[in-house]
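Structural characterization, general
The chain contents come next:
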Amino acid sequence: MTHVFSRAPSRDLPTAVSAEGVWITDADGKKYLDGAGGAIVVNVGHGVASVIDAIEEQLERTQYVHPTAFTTEAVERYAEEVAAILPMEDARIYPVSGGSEAVETALKMARAYHLAKDQGGRSIVISRRNSYHGNSLGALDASGKAPLRKPYTPWLGRFLHISAAYEFRCENPQHPHGCAAWHAAELDKMIVSYGEDKVAAFIAEPVSGATLGAAVPSDDYWSAIVEVCRSHDVVLIADEVMTGFGRTGSWFGVDHWNVQPDILTAGKGATSGYVPFGFAAASGRVYEVIAEGPGFVHGFTWSHNALGAAAGLAVLRELKAGLVDRSRELGDRLLSGLREELQDAPTVGDVRGLGLMIGIELVRDRESHEPFPRSAAVAERILAAARDAGLLLYSSTGHVDGANGDIVMLGPPFSLSDDEAATLLERTSAAVRAVS
Ligand SMILES: Cc1ncc(COP(=O)(O)O)c(C=O)c1O
């Protein structure tokens, strides 16, 4: 009997006792290759001495000081160094405890921006179906992931959703022709139909996260979306909680398309999971507008936390030592290796991704893309087969119609060696082929 309210109550979980590099060891001595960095979190790898030292050093300086009473060297230094790599000018960083809080903060920043511009009628947030922005209620309302929303629908419904950029099942009837223009027109139509004076923000993941298994938009998608947002003064929020800090092979996902969002959210890889941390960053322009307004009514006990900032700075420096390039190079190789290995696997509909963020979509029929019925639990069985073979993968289900749809994700630490990458490829292919 345990007193833990488990996140996986149907399974007896092994106890993790240590982790090093890309390996996690349990209490029975079994070693698991961390092929998805948990939930696509651990970018620099486990047990990195410089990160652990930075955390210890910070703990010896200050533990908790309230962010309205003090700033700290750790937070100031982190903000300065991270602002230099963010895809926005003169960024202002608002540190929080994780991705959902970062999204809540970003949404409130967008509202504060409009209030400061005397545009108080703007409250609607538009996001995309099959998106994920977090599990707190505001972030969940932005999320378009049906199975997660379902139990809480009475508490949701203020935000609107348009189609996702999802090439494998694109909703544009003319696909693959004119998809970017079609998506942009859909966004424009929604803004105009509700009235641009009612719409505050558009939020999206630059490359779709687990919900759509690393679905990469067409090359012209983002510029078309940005144009629509700018033409209506709708705040563009890039949710980089999963894609940020090198995951897609560039510092941020939007860098692939030279997009400068108004607000950017980060979490997960920002500290590589060493301590809970995330942030919302406002561009200098958005910050200046908010600063001129009635003020930003917001805050958490744990915001602007020095420990998170110290860990984030150490992670940033590890990433700067070549790991972002490694994510790009190894990601390219792993993606083509998986495509080759799985090209004749009858259950594999698509293998896609960018950098070390890779998704495998499982289908019952490769021609029609018909999904497996949920009762077949295909993604769960692949994860179990992988686990038995000492490999940890990540999964998502329900994207096709709210119930059916199976996706398996890879997102290993960038420090993965070539030999370990070969093991990851071999064990993933074997686990996928084992389930049919
Ligand atoms: C794109 C995106 N946004 C927000 C979140 C929520 O982050 P957290 O789980 O740290 O609250 C996630 C988590 O998976 C995410 O992938």
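Residues numbered from 1 in each chain as written. Predicted model: local features only at pLDDT ≥ 70, side-chain atom pairs only at ≥ 80, totals over all residues. Heavy atoms only, no water.

A short note on helix α11 (residues 378-388)
- Buried within α11 are the following residues: Val378, Ala379, Ile382, Leu383 and Ala386. Taken around the axis of α11, the buried residues stretch over an arc of 135°, which confines them to a single face.
- Of the surrounding secondary structure, the elements contacted by the buried residues of α11 are β12 (357-362), β13 (391-392), β14 (394-397), β15 (406-410) and α12 (418-434). (Buried < 20%, exposed > 50% of the residue type's maximum accessible area, 1.4 Å probe, protein only. Helix = DSSP H or I, 4+ residues; strand = E, 2+ residues; numbered from the N terminus. Arc of directions from axis to C-beta. Contact = heavy atoms within 4.5 Å.)

Quick look at the environment of alanine 238
- Turning to its location among the elements, alanine 238 is positioned in strand β8 (residues 235-239).
- Alanine 238 sits 210 residues away from aspartate 28 along the chain, and the two C-alpha atoms are 42 Å apart.
- Not counting residues up to four positions away in its chain, the partners in contact with alanine 238 are Ala204, Pro206, Val254, Pro261, Ile263, Leu264 and Thr265.

Side note on the site of the ligand
- What surrounds the ligand is the set Gly98, Gly99, Ser100, Tyr132, His133, Gly134, Glu205, Asp239, Val241, Met242 and Lys268.
- Glycine 99 is positioned such that a nitrogen or oxygen atom in its backbone is 2.8 Å from an oxygen atom of the ligand.
- Contacts to the ligand include serine 100, whose side-chain N or O atom sits 2.6 Å from an oxygen atom.
- Contact with the protein chains removes 81% of the 390 Å² of surface that the ligand exposes when unbound.
- Residues that form the shell around the ligand fall into these classes: three nonpolar, five polar and three charged. (Near = heavy atom within 4 Å. Polar contact = N/O pair within 3.5 Å; in protein donor to acceptor, adjacent residues only side chain to side chain. Areas by Shrake-Rupley, 256 points an atom, 1.4 Å probe, with all protein chains shown as cover. Nonpolar A, V, L, I, M, F, W, Y, C, P; charged D, E, K, R; others polar.)

Here's the deal with empty space enclosed by the protein
- Applying the stated rule across the entire model yields one cavity of 30 Å³ or more.
- Volume-wise, the largest cavity comes out at about 40 Å³.
- Along its surface, the largest cavity is lined by Thr62, Gln63, Tyr64, Val65, Ser303, His304, Asn305 and Ala306.
- Its residues assigned to classes, the lining of the largest cavity comprises three nonpolar, five polar and no charged. (1 Å grid on protein atoms, 1.4 Å probe; cavity = no way out; pocket = protein on both sides within 12 Å on 5 of 7 lines; lining within 4 Å. Points joined across faces, edges and corners; volume = space filled by probe spheres on them.)

Describing the environment of threonine 153
- Looking at the secondary structure, you find threonine 153 in the loop between α6 (146-149) and β6 (160-162).
- Given a relative accessible area of 46%, threonine 153 falls into the partly exposed group.
- A C-alpha to C-alpha distance of 10.0 Å links threonine 153 and leucine 140, two positions 13 residues apart in sequence.

With respect to the nonpolar core
- The biggest cluster of nonpolar side chains holds 102 residues, and the ones touching the most others in it are Tyr78, Leu86, Ile126, Phe202, Phe245 and Phe279.
- Each of two domains, domain 1 (16-47 + 324-434) and domain 2 (49-318), supplies a minimum of three residues to this core.
- Val96, Ala106, Ala139 and Val235 belong to the second-largest nonpolar core, a separate cluster that totals 25 residues. (Core = buried A, V, L, I, M, F, W, Y, C linked by side-chain atoms within 4.5 Å. Domains from an automatic or database assignment.)

Some points on the packing of aromatic side chains
- Inspection of every chain in the model, using the stated rule, returns eight aromatic pairs.
- Ring geometry for tyrosine 78 versus phenylalanine 277: centroids 5.4 Å apart, planes at 75°, classification edge-to-face. A residue pair is termed long-range when its members are at least 10 positions apart, and tyrosine 78 in helix α3 (residues 73-83) and phenylalanine 277 in the loop between β9 (263-266) and β10 (278-282) qualify at 199 residues. Phenylalanine 277 shares its class with tyrosine 78; the two are buried.
- Plain terms: the ring middles of tyrosine 94 and phenylalanine 296 are 5.8 Å apart, the flat faces sit at 90° to each other, and that makes the pair edge-to-face. Of the two residues, tyrosine 94 is situated in strand β4 (residues 92-96) and phenylalanine 296 in the loop between α9 (284-292) and α10 (306-341); the sequence distance between them amounts to 202 residues.
- Take tyrosine 94: its relative accessible area is 14%, and that puts it in the buried class.
- Through successive ring pairs, a cluster of aromatic residues spans Tyr78, Phe245, Phe252, Phe277 and Phe279.
- The ring of tryptophan 23 carries lysine 31 above its face, with NZ or CZ at 5.4 Å from the centroid. (Phe/Tyr/Trp six-rings, centres within 6.5 Å; stacked < 30°, edge-to-face > 60°. Lys NZ or Arg CZ within 6 Å of the ring centre and 35° of its normal.)

Section: the domain arrangement of the protein chain
- Domain annotation of the protein chain identifies domain 1 (16-47 + 324-434) and domain 2 (49-318).
- Spacing between the C-alpha centres of domain 1 and domain 2 amounts to 25 Å.
- Contact with domain 1, which involves 37 residues of that partner, is made by 38 residues of domain 2.
- When the two sides are added together, the surface that domain 1 and domain 2 hide from each other amounts to roughly 2800 Å², 59% of it contributed by carbon and sulfur. (Buried area = accessible area lost by both parts, 1.4 Å probe.)

Side note on the environment of proline 9
- In this structure, proline 9 sits in the segment before β1 (16-20).
- Taking relative accessible area as the criterion, proline 9 reaches 70% and is therefore assigned exposed.
- With 209 residues separating them in the primary sequence, proline 9 and serine 218 have C-alpha atoms 39 Å apart.

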